[in-house]
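A look at the structure
This is what each chain is made of:
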Amino acid sequence: MADIRNTFIGIKSPNPFWLASAPPTDKAYNVERAFKAGWGGVVWKTLGEEGPPVVNVNGPRYGAIWGADRRLLGLNNIELITDRDLQTNLREMKQVKMNWPDRALIASIMVPCVEESWKAILPLVEETGADGIELNFGCPHGMSERGMGSAVGQVPEYIEMVVRWCKQYTRMPVITKLTPNITDIRKPARAAHAGGTDAVSLINTINSITGVDLDNFAPQPTIDGKGSHGGYCGPAVKPIAMNMVAEIARDPETHGLPISGIGGITTWRDAAEFMALGAGNVQVCTAAMTYGFKIVQEMIAGLENWMDEKGHASLSDIIGRATPNVTDWQYLNLNYVAKAHIDQDACIKCGRCHIACEDTSHQAITSMVDGVRHFEVIEAECVGCNLCVNVCPVEGCITMQPLAAGVLDQRTGLPVSPIYANWTTHPNNPMAKVAAE
């Protein structure tokens, strides 16, 4: 059996699945239930400084995007950090850690961007026995208007400054949670690294409005006729999150910086993909809110079974394995040629491939052959874009088949070259000569 025990910046947990800082980790009751279900760790819902707690709305807090089968694809959240007293949270955290010493317990923290505020809260958190802290620089609503959350996360200089404070005033490992609401995710990651962070976690939620009520013309969720932007999460954000994880993992300035992957992780496969791109573990929220805490049992079993099937003995066998294969467009092999192929036995003759190609691509799929409804690839027109693969409702019916070196490409009339060539050396590139020099 594959060993999925996880050690992340020295923090041990029985598996790599942590619950992210969010409503599911707001109190001991939830966290105890999560640990009983099998979660390897939790990041406690974000703590604020001592004093009057923040005030959350008393009406709807979520907006949603559904698929055609009403499967939840995206969730918009306008809830703020914990609205419970700091001391209550700290007391519960301490008890939970005593009850579950083998599980990871991380304290998410958000206080004003003032040195004294961080200096004051860190010893209080440390006394709970928490395994580490996560600096919440990602929340895009409510707290950001108060100069916290993503208002800090969008300014690399502030990130570096706060991380330095935390490294100065606590012995606990520091994880810096990054906002995706920024042009280049590498810049805040570099700043956190320069400040001495032990790891980064990403992504936090994406600034969003998920819908508008067309009866009262207010954004959803609607509070007394008004709506606000919130944080978007769920399966729909996974591609954005994976790209940002990969950008940090392959950036020479942050290469080797531990990453906790977050964003739309719903299945074991999602988790494996994040880890293959460089994440040392993963954090989950929306999937637990949609299906309950026991979903982790499917994640654990699925990951173990896949690793056994592929011969991966431990998580170290898969973490970062895909990172070297992530590159910039300009380095893709322009001499690689692939053509679509339709399995006639699997084809249900719906015609979606034909109409997609006919109307929006390269007119490379027939609809009729010898007067009979028949869908077949016209190789002389196929550019290998694979749109047909993605619109076909039958999995595996249409596949992309590479042409071997020397085989004639009927579209160009030229044999496929065995030589790797990319845009940096292409004769159509006006910079090719400069690049070659």
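Our subject in this report is the structure included herewith. Remember, it's a predicted structure, so these values are computed and weren't measured experimentally. (Residues numbered from 1 in each chain as written. Predicted model: local features only at pLDDT ≥ 70, side-chain atom pairs only at ≥ 80, totals over all residues. Heavy atoms only, no water.)

**Some details on the overall build of the protein**
Just so we agree on the cut-off: Segments assigned H or I by DSSP are reported as helices when at least four residues long, segments assigned E as strands when at least two residues long, and all are numbered from the N terminus. Exposure classes here rest on a 1.4 Å probe applied to the protein chains alone. A residue is buried below 20% of its type maximum, exposed above 50%, and partly exposed in between. For the accessible areas, the method is Shrake-Rupley and the probe is 1.4 Å, while residue cover comes only from the protein chains on display. Think of it this way: Lys and Arg go in the positive column, Asp and Glu in the negative one, and His and the chain ends go nowhere. By convention, the point assigned to a charge is CZ for Arg, NZ for Lys, CD for Glu and CG for Asp.
The helix and strand tally for the protein stands at 13 helices and 22 strands. Taking the principal axes of its C-alpha atoms as reference, the protein extends roughly 80 × 60 × 50 Å. Buried positions account for 49% of the 437 residues belonging to the protein. Carbon and sulfur atoms form 53% of the exposed surface of the protein, whose accessible area is close to 20,800 Å². Averaging the positions of the 36 positive and the 47 negative side-chain charges in the protein gives two centres separated by 4 Å.

**Let's talk about empty space enclosed by the protein**
Summary: where empty space remains is shown by rolling a probe the size of a single water molecule over the atoms. The line we're drawing: Buriedness for pockets is judged along seven lines, at least five of which must meet protein on both sides within 12 Å for an open set on the 1 Å grid over protein atoms alone, while cavities are sets there where a 1.4 Å probe fits but cannot get out, and lining residues have an atom within 4 Å of a point. Grid points are joined across faces, edges and corners, and a volume is the space filled by probe spheres set on the points. For this classification, the nonpolar set comprises Ala, Val, Leu, Ile, Met, Phe, Trp, Tyr, Cys and Pro, the charged set comprises Asp, Glu, Lys and Arg, and every other residue, Gly included, is treated as polar.
Counted by the stated rule, this structure contains four cavities of 30 Å³ or more. In terms of lining residues, the largest cavity is bounded by 35 residues, among which Ser21, Ala22, Lys177, Asn204 and Thr205 are the most central. When residues of the lining of the largest cavity are traced back to their parent elements, those giving at least two are strand E4 (41-47), strand E6 (72-77), strand E8 (132-136), strand E14 (230-233), strand E16 (281-284) and helix H9 (286-291). Element by element, the count of residues in the lining of the largest cavity is highest for H9, at three residues. Considering only residue class, the lining of the largest cavity consists of 18 nonpolar, 13 polar and four charged. In this model, the second largest cavity occupies a volume close to 110 Å³. Looking at the second largest cavity, it is lined by 16 residues, and the ones nearest its centre are Cys357, Ala364, Cys382, Cys385 and Cys388. Classifying every residue of the lining of the second largest cavity gives eleven nonpolar, four polar and one charged.

**Some details on the sheet that holds strand E5 (residues 62-66)**
For the record, the criterion: One requirement defines pairing of two strands: DSSP has to find at least two bridges between them. Here an angle of 0 to 180 degrees is reported between the N-to-C directions of two axes, which are lines fitted to C-alpha atoms, with helices fitted over the stretch in contact.
Spatially, the four strands line up as an open sheet ordered E5-E6-E14-E11, and their pairing is antiparallel. Bordering the open sheet on either side are E5 and strand E11 (206-208), each of which pairs with just one other strand. Taken over all neighbouring pairs, the strand axes of this sheet differ in orientation by 35° on average, direction set aside.

**As for the sheet that holds E8**
On the basis of which strands lie adjacent, the closed barrel formed by eight strands has the order E3-E4-E7-E8-E9-E10-E15-E16 and parallel pairing. Within this sheet the neighbouring strands show an average axis-to-axis angle of 25°, counted without direction.

**Some thoughts on helix H7 (residues 238-250)**
Applicable threshold: Under the convention used throughout, the expected extent of a helix is 1.5 Å for every residue step, that is, one less than its residue count. Here, residues are in contact when the closest pair of their heavy atoms is within 4.5 Å.
Between the first and last C-alpha of H7 there are 18 Å, a value that for 13 residues agrees with the 18 Å anticipated at 1.5 Å per step. Taken together, the buried positions of H7 are Lys238, Ala241, Met242, Met244, Val245, Ala246, Glu247, Ile248 and Ala249. For H7, the elements touching its buried residues are helix H6 (186-195), strand E10 (199-202), strand E15 (259-262) and helix H8 (268-276).

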